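Fold and geometry: a report
Listed below, chain by chain, are the residues.
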Amino acid sequence: MKITILTLFPEFFDSFKSTSIIRKALEKGAVELECIDYRQYTLDKHNHVDDTPCGGGVGMLLMVQPIADCLKAVRQEDSHVILLTPQGKVFHQKMAHDYVQRYEHLILICGHYEGFDERIRDYVDEEVSIGDFVLTGGEIGAMTISDAIIRLLEGVITKESHEDDSFENGLLEYPQYTRPIEYDGKKVPEILLSGHHENIRKWRLKESLRKTYIRRPDLLEKRAFTKEEKQFLNEIIEENQKK
Ligand code: ADE
């Protein structure tokens, strides 16, 4: 997969590209990550990419021309173009999977300043937000989406490493422990030391349901349950009422 990021600050991505799993993915060739400064496409004689809003108001808006021309230069037939904006669809794990499955080339456009000239929206396929808050620019959003995608690509981390992640089965991940077996009087649950795979699987499923029920009940509303899950959920509700 190739990810092209259109940004006024390509240097923002230097440590992202040179650190840990993302660096390894780039070295292996699992992904190609290109950052392009769209200022180089401006036709403004002072090299400006922004201007004041028509009709008045505070702040500066990104002009459509530099971004549209940059897009024309980098877009291929199979590119999927995403505009990073707080007005977009809120990003989630399933979208990361969809992008991996459906697209060979993603273009992520990062804004800055007060926003974009509305007409930029005619040149993109989709608008995406990383949450209901406003950032100074789209760079952190582009990094977030790229990171979530890259770790799902073949050969980056093992499939098993992300199969049990939070959200992968519509639930938050179960509690995990490592050595020491006891720390500051707090013990690792006995069952995880038992070596009994089926009991461990059941415990993890139930604790995954419990965590989701307590922290993100909204996730359960959208989900279908197996018979086993229904039973665990009833037990959790009962256990909760006894508390
Ligand atoms: N740019 C500014 N805020 C943003 C957000 N929440 N998501 C994506 N891009 C943004």
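Assigned secondary structure in the protein chain consists of 9 helices and 9 strands. For 243 residues, the compact-globule estimate of 2.2 N^0.38 gives 18 Å, and the C-alpha radius of gyration of the protein chain, at 23 Å, exceeds that figure by more than 25%. Oriented by its inertia axes, the alpha-carbon framework of the protein chain measures out at about 70 × 40 × 40 Å. Scored against the burial criterion, the 243 residues of the protein chain give a buried share of 41%. Of all intrachain contacts in the protein chain linking residues separated by at least 6 positions in sequence, the fraction that spans at least 24 positions is 74%. Of the roughly 14,600 Å² of accessible surface on the protein chain, 50% is carried by carbon and sulfur atoms. Side chains of the protein chain give 33 positive and 43 negative charges; the mean places of these two sets differ by 7 Å.

Moving on, we come to the nonpolar core. Counting residues in each nonpolar core, the largest one holds 31 residues, and the members touching the most others are Ile-3, Ile-5, Phe-13, Phe-91, Tyr-99 and Ile-150. Counting residues per element, this core draws most heavily on helix H5 (residues 139-150), which supplies 6 residues. Among all residues touching Phe-91, those that are not within four sequence positions of it are Ala-96, Tyr-99, Val-128, Ser-129, Ile-130, Ile-145 and Ala-148. By size, the runner-up hydrophobic cluster in this structure holds 19 residues, among which are Leu-62, Val-81, Phe-116 and Ile-120.

By the element assignment, Asp-37 lies in strand S2 (residues 32-37). Look at Asp-37 and you get partly exposed, because its relative accessible area is 22%. Placed 33 residues apart in sequence, Asp-37 and Cys-70 show a C-alpha to C-alpha distance of 8.6 Å. At a separation of 2.9 Å, a polar atom in the side chain of Asp-37 contacts the main-chain amide nitrogen of Arg-39.

Now for the site of the ligand. In the vicinity of the ligand, the contacting residues are Leu-84, Thr-85, Pro-86, Val-128, Ser-129, Ile-130, Gly-131, Phe-133, Val-134, Leu-135 and Gly-137. Measuring from a nitrogen atom of the ligand, one finds a backbone N or O atom of Ile-130 at 3.0 Å. Contacts to the ligand include Phe-133, whose backbone N or O atom sits 2.8 Å from a nitrogen atom. When the free accessible area of the ligand is taken as 260 Å², the share hidden by the protein chains comes to 96%. For the shell around the ligand, the secondary-structure elements that each account for two or more residues are strand S5 (79-90) and strand S7 (126-129). For the shell around the ligand, the leading source of residues is S5, giving 3 residues.

The set of residues buried in helix H3 (residues 64-74) consists of Val-64, Pro-66, Ile-67, Ala-68, Cys-70, Leu-71 and Val-74. On its buried face, H3 is in contact with strand S1 (2-7), S2, strand S4 (61-62), S5 and strand S6 (105-109).

What follows is about the side chain of Asp-117. Here Asp-117 shows up in the loop between S6 and S7. Among the polar contacts listed, one links the side chain of Asp-117 to the side chain of Arg-119, at a separation of 2.6 Å. Once residues within four sequence positions are removed from consideration, Asp-117 is found in contact with Leu-61, Leu-62 and Val-64.

Turning our eyes to something else, we now look at the packing of helix H4 (residues 93-102) against H5. Contact geometry of H4 with H5 gives a least axis separation of 9 Å together with a crossing angle of 65°. Taken together, the axis directions place H4 and H5 in an arrangement best described as roughly perpendicular. Once H4 is placed against H5, the crossing between them reads as right-handed. Contacts between H4 and H5 involve Ala-96, Tyr-99 and Val-100 on the former and, on the latter, Ile-145, Ala-148 and Ile-149. Here the residues of the contact of H4 with H5 sort into 6 nonpolar, no polar and no charged.

The rules behind the values
Residues numbered from 1 in each chain as written. Predicted model: local features only at pLDDT ≥ 70, side-chain atom pairs only at ≥ 80, totals over all residues. Heavy atoms only, no water. Helix = DSSP H or I, 4+ residues; strand = E, 2+ residues; numbered from the N terminus. Rg over C-alpha atoms; globule rule 2.2 N^0.38 Å. Buried < 20%, exposed > 50% of the residue type's maximum accessible area, 1.4 Å probe, protein only. Contact = heavy atoms within 4.5 Å. Areas by Shrake-Rupley, 256 points an atom, 1.4 Å probe, with all protein chains shown as cover. Lys, Arg positive; Asp, Glu negative; His and termini not counted. Charge placed at Lys NZ, Arg CZ, Asp CG, Glu CD. Core = buried A, V, L, I, M, F, W, Y, C linked by side-chain atoms within 4.5 Å. Polar contact = N/O pair within 3.5 Å; in protein donor to acceptor, adjacent residues only side chain to side chain. Near = heavy atom within 4 Å. Axes fitted to C-alpha atoms, helices over the stretch in contact; angles between N-to-C directions. Parallel < 35°, antiparallel > 145°, perpendicular 65-115°, else oblique. Left-handed = near helix turned anticlockwise from the far one by under 90°. Nonpolar A, V, L, I, M, F, W, Y, C, P; charged D, E, K, R; others polar.

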